[in-house]
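Working through the structure, step by step
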Amino acid sequence: MDLGLKGKIAIVGGASMGIGYGIARALAAEGARVVMTARREPALLKAAEQLRTETGADVLPIQGDGRRAEDCARVVETVVSKFGGIDILVNNDGAPPLGDLATFDDAAWAKAVEQNLMYVVRMARHSVPHMAKRGGGSILNIAALSALQPAVGFGLSVATWNGVIGFAKTLSLEIAAQNININTICPGYIETQRLEKVFTSQGDSEAMRASLTAEIPMRRIGTIEDVAHAVAMLVSPRGRYITGTTIAVDGGLLRSVR
Ligand SMILES: NC(=O)c1ccc[n+]([C@@H]2O[C@H](COP(=O)([O-])OP(=O)(O)OC[C@H]3O[C@@H](n4cnc5c(N)ncnc54)[C@H](OP(=O)(O)O)[C@@H]3O)[C@@H](O)[C@H]2O)c1
């Protein structure tokens, strides 16, 4: 099925590796013009070159830190001046540190709010007017399954990503009439360097991988493509009637009916 993404202008955050790179690749393979952001420029430029080689797409890397208000504004301004507008915004980056909630002070909380919540708020606020000018658009946030099924140690993310989910639901009501949708994907365990680090930090990484895999109804860790394909559909004209939703991409891991 042609997703109708040819020529669409898409910003993908945290796109130098992992899930973000996979999303950038899926959109580029569908013919989108892709803007990639990340903090570390050398890795970002290398990833952009790899994406051009893999897909032949028009790719624009822009260095930026999603936690900085001025970087969010600059990314959007640069995209508009170089590509002429914005059709798609994918908010994805890293995540706050793990640990028991009692161990985090105000500074750690403020950082987590900047990283997970304010990043999405600012990128959406700057991008929506440009989408409206083009007759519509699509915003997709990457959160995590822990936002729906909290786990010990993930508190900073659980709290701030639930802010994102509330923000997205409310914004969906406000921008629907402008033909702009916004949804949030909550991945379960996805095969990335980040997950590998989590495994190795626990000592016996193979034992941990095996026990997590046994918990997943589909009996496998998700792939980056599992997430990227869901994103590509949701941000495409094929997903245009879906808005304000939160979708788990988790092999059935979420134990809940809503
Ligand atoms: N992998 C999983 O199993 C899994 C499951 C559920 C949810 N998630 C969530 O999905 C997101 C992506 O995960 P991943 O596994 O793909 O992570 P990853 O492999 O560590 O990649 C993270 C990407 O985001 C960039 N980034 C990090 N902090 C940033 C910031 N402040 N501003 C701009 N870019 C930033 C990184 O580049 P720089 O460091 O150079 O900036 C990199 O390109 C995270 O929020 C993660 O919590 C992952």
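Residues numbered from 1 in each chain as written. Predicted model: local features only at pLDDT ≥ 70, side-chain atom pairs only at ≥ 80, totals over all residues. Heavy atoms only, no water.

In this model, helix α3 (residues 69–83) (15 residues) spans 21 Å end to end at C-alpha, consistent with the 21 Å of a helix rising 1.5 Å per residue. Those residues of α3 that sit buried are Asp71, Cys72, Ala73, Val75, Val76, Val79 and Phe83. (Helix = DSSP H or I, 4+ residues; strand = E, 2+ residues; numbered from the N terminus. Expected span 1.5 Å × (residues − 1). Buried < 20%, exposed > 50% of the residue type's maximum accessible area, 1.4 Å probe, protein only.)

Turning next to the site of the ligand. Taken together, 29 residues form the shell around the ligand, and within it Ser16, Ile19, Arg39, Gly94 and Ile190 come nearest. Within the contact set of the ligand, an oxygen atom lies 2.6 Å away from a side-chain nitrogen or oxygen of serine 16. In the environment of the ligand, an oxygen atom lies 2.7 Å from a nitrogen or oxygen atom belonging to the backbone of isoleucine 19. The fraction of the free accessible surface of the ligand (890 Å²) that becomes covered by protein chains is 93%. The set of elements that each furnish at least two residues to the shell around the ligand consists of α1 (18–29) and α6 (193–201). In the shell around the ligand, the residues fall into 13 nonpolar, 10 polar and six charged. (Near = heavy atom within 4 Å. Polar contact = N/O pair within 3.5 Å; in protein donor to acceptor, adjacent residues only side chain to side chain. Areas by Shrake-Rupley, 256 points an atom, 1.4 Å probe, with all protein chains shown as cover. Nonpolar A, V, L, I, M, F, W, Y, C, P; charged D, E, K, R; others polar.)

One way to put it is that α3 packs onto helix α4 (residues 106–133) with a least axis distance of 9 Å and a crossing angle of 25 degrees. In this view, α3 runs roughly parallel relative to α4, as classed from their interaxial angle. Crossing geometry of α3 relative to α4 is assigned as right-handed. For the pair formed by α3 and α4, the contact residues are Ala69, Cys72, Ala73, Val75, Val76 and Val80 on the first element and Tyr119, Arg122, Met123, His126, Ser127 and His130 on the second. (Axes fitted to C-alpha atoms, helices over the stretch in contact; angles between N-to-C directions. Parallel < 35°, antiparallel > 145°, perpendicular 65-115°, else oblique. Left-handed = near helix turned anticlockwise from the far one by under 90°. Contact = heavy atoms within 4.5 Å.)

The strands making up a sheet associate through backbone hydrogen bonding, with each pair oriented either parallel or antiparallel. Spatially, β3-β2-β1-β4-β5-β6-β7 is the arrangement adopted by the seven strands of the open sheet, whose pairing is parallel. With partners counted over all chains shown, the strands left at the sheet margins are β3 (59–63) and β7 (246–249), one partner each. The average undirected angle you get between the axes of adjacent strands in this sheet is 20 degrees. Inspection of the sheet shows strand β2 (residues 33–38) paired to β3 by five bridges, in the parallel sense. Looking across to β3, one finds that alanine 38 is bridged to glutamine 63. Running over the sheet, helix α2 (residues 41–55) touches β2 and β3 and is turned about 170 degrees from β3. (Pairing = 2+ DSSP bridges.)

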